[in-house]
Amino acid sequence: MAKRWSEHLNSQYLGAAQKLKPKTARRKIVAYVESYDDVSLWRTVLDDFEDDTRYFEVMLPSRSTLGKGKKIVLMNELGPKLGNYMIACVDADYDYLLQDTTPTSRLINGNPFVFHTYAYAIENYQCYAETLHRVCVMATLNDRQIIDFEGFMRDYSQIIWPLFVWSIWAYRHNHYREFTMTEFGHHVSFGDINVYHPEFSLDFVRRKVNRKISWLQRHFPQAKKEYEKLKQELQELGVTPDTTYLYIQGHTLFDNVVTPLLEPVCVLLRKEREREIRSLAEHEVQRQNELSCYQHSQNSVEGMLRKNVGFKSAPPYLRLQSDIECLLERMDAEVMQKTCPAS
């Protein structure tokens, strides 16, 4: 039986196929991603690196099955197949911060052809604090700022920072069963938010976090020295008390923090715009037409967050950009050396 396409495809195979094309043709680099949602984000990332010498094709890890996910991308012997014509693009999850304490962590931190988000996942990029006001504008077509999102997410990060350090400690020291990522997510989430007093939600999270920290300190007294060392190490890796939210589980941030924060703000903004239309309309027909036009022009908060690509100034994204630039420079040098060998 003939081998499936995905079984024999590797970077060398793609490189050999490239040699059959004219020398002026652009090189194709295949970029494997984890899931459907990742295709769009990594296309946005890699767009900036396409030129007249190279282009990327972003695809799921297999054309012969419906298998998806990080393990499918990185395992199944894909690692050795990566190279100048085939790369992997994945969420960092906790693997970046675990710093080689697991096989997956060693792979994403050590393989130059594996790119990761540094932030936990693509959802963290989509929830970048500096872009949240723009998300509300896109959803409501109303540019009034009700909450200082950057200040809120900074305060939120400072509150959850000490518990986040505990979470990383638990995973590094094989205590994740006693303090799971799901439990951490529960302690840093909030439900409804008072738009006029967002500090109430922050106080609610602070109380939950402090209770859990007290429990952890009682149950793991031996961790005190390691904990202080880990705090310093995490900051050296780019995680700061002000930006902790970028490194927590993406679904928790998206579904249980940022969406509950933006939804009531957008409700107020929509109501404000509708009141304005009602007060300015000269007659009933105009009022109905304007309201209908406005309502049809609105977008969902979730939809606008999913399409949010304003994260390119985020610190973890800048590190990702630098990694890609370094590898492409090395690739270009190798390709040039093979094309024009020294006499």
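Along each chain, residues carry numbers from 1 onward, in the same order as the chain's sequence is written. Per-residue local features are limited, in this predicted model, to residues with pLDDT of at least 70; the limit for side-chain atom pairs, both in listing and counting, is 80 or more; totals at the level of whole chains, interfaces and linings are taken over all residues. Only heavy atoms go into the side-chain values, all of them from the structure, while hydrogens and water stay out.

Engineer: Can you break down the packing of helix α13 (residues 250-280) against helix α14 (residues 284-297) residue by residue, with the values?
Structural biologist: α14 packs onto α13 with a crossing angle of 155 degrees between their chain directions and a minimal axis gap of 9 Å. Classified by the interaxial angle, the pair formed by α13 and α14 is roughly antiparallel. For the pair α13 and α14, the sense of crossing is right-handed. For the pair formed by α13 and α14, the contact residues are Leu269, Arg270, Arg273, Glu274, Ile277, Arg278 and Leu280 on the first element and Gln286, Arg287, Glu290, Leu291, Tyr294 and Gln295 on the second. The residue makeup of the contact of α13 with α14, split by class, is 5 nonpolar, 2 polar and 6 charged. Geometry is summarised by axes, namely lines fitted to C-alpha atoms with helices restricted to the contacting stretch, and by angles between N-to-C directions that run from 0 to 180 degrees. Segments assigned H or I by DSSP are reported as helices when at least four residues long, segments assigned E as strands when at least two residues long, and all are numbered from the N terminus. Roughly parallel here means an angle under 35 degrees, roughly antiparallel means over 145, roughly perpendicular means 65 to 115, and every remaining angle is called oblique. Note on convention: the crossing is left-handed when the near helix lies turned anticlockwise from the far helix by less than a right angle, right-handed when the turn is clockwise. Residue contacts are counted whenever heavy atoms from the two residues lie within 4.5 Å of one another. Residue polarity follows a fixed list, in which Ala, Val, Leu, Ile, Met, Phe, Trp, Tyr, Cys and Pro are nonpolar, Asp, Glu, Lys and Arg are charged, and the others, Gly among them, are polar.

Engineer: An account of a negative patch on the surface is needed here, citing residue identities and associated values.
Structural biologist: Together, Glu130, Asp148, Glu150, Asp155 and Asp242 make up a region of like negative charge exposed at the surface. Along the chain, Asp148 turns up in the loop between α8 (132-140) and α9 (149-172). Residue exposure (1.4 Å probe, protein chains only): buried if accessible area is under 20% of the type maximum, exposed if over 50%, otherwise partly exposed. Its relative accessible area of 45% is what places Asp148 among the partly exposed residues. Distance thresholds for patches are 9 Å for like charges and 5 Å for nonpolar side chains (Val, Leu, Ile, Met, Phe, Trp, Tyr), applied to residues having over 30% relative accessible area and no salt bridge. Accessible surface is estimated by sampling points in the Shrake-Rupley manner with a 1.4 Å probe; for residues, cover comes only from the protein chains shown. Here a salt bridge means any side-chain nitrogen of Lys or Arg lying within 4 Å of a carboxyl oxygen belonging to Asp or Glu. We count Lys and Arg on the positive side and Asp and Glu on the negative side, and we leave His and both chain ends out. Lysine's charge is taken at NZ, arginine's at CZ, aspartate's at CG and glutamate's at CD.

Engineer: So what's going on with the pairing of strand β1 (residues 27-32)? Residues and values would help.
Structural biologist: Along β1, 5 of the 6 residues are buried, which leaves the element largely enclosed by surrounding structure. Two strands pair when backbone bridges link them, and β1 and strand β2 (residues 54-59) are joined in this way by 6 bridges, in the parallel orientation. Across the sheet, residue Ile29 finds its bridge partner in β2, namely Phe56. In this fold, β1 hands off to helix α3 (residues 36-47), which returns the chain to β2; that crossover is right-handed. Across 3 bridges, the pairing between β1 and strand β3 (residues 86-90) is parallel. When the sheet's bridge partners are listed, Val30 is paired in β3 with Met86. Strands are treated as partners if at least two bridges between them are detected by DSSP. Every crossover in which the path from the first strand over the helix to the second runs clockwise, viewed with the strands pointing away from the viewer, is termed right-handed.

Engineer: Give a description of the sheet that holds β1 that names residues and reports values.
Structural biologist: As summarised here, the arrangement of the 4 strands in space is β2-β1-β3-β4, forming an open sheet in which the pairing is parallel. Of all the strands in the sheet, just β2 and β4 (114-116) have a single pairing partner and so form its edges. With direction set aside, neighbouring strand axes in the sheet form an average angle of 30 degrees. Strands β1, β2, β3 and β4 of the sheet are contacted by α3, whose axis makes an angle of about 170 degrees with β2.

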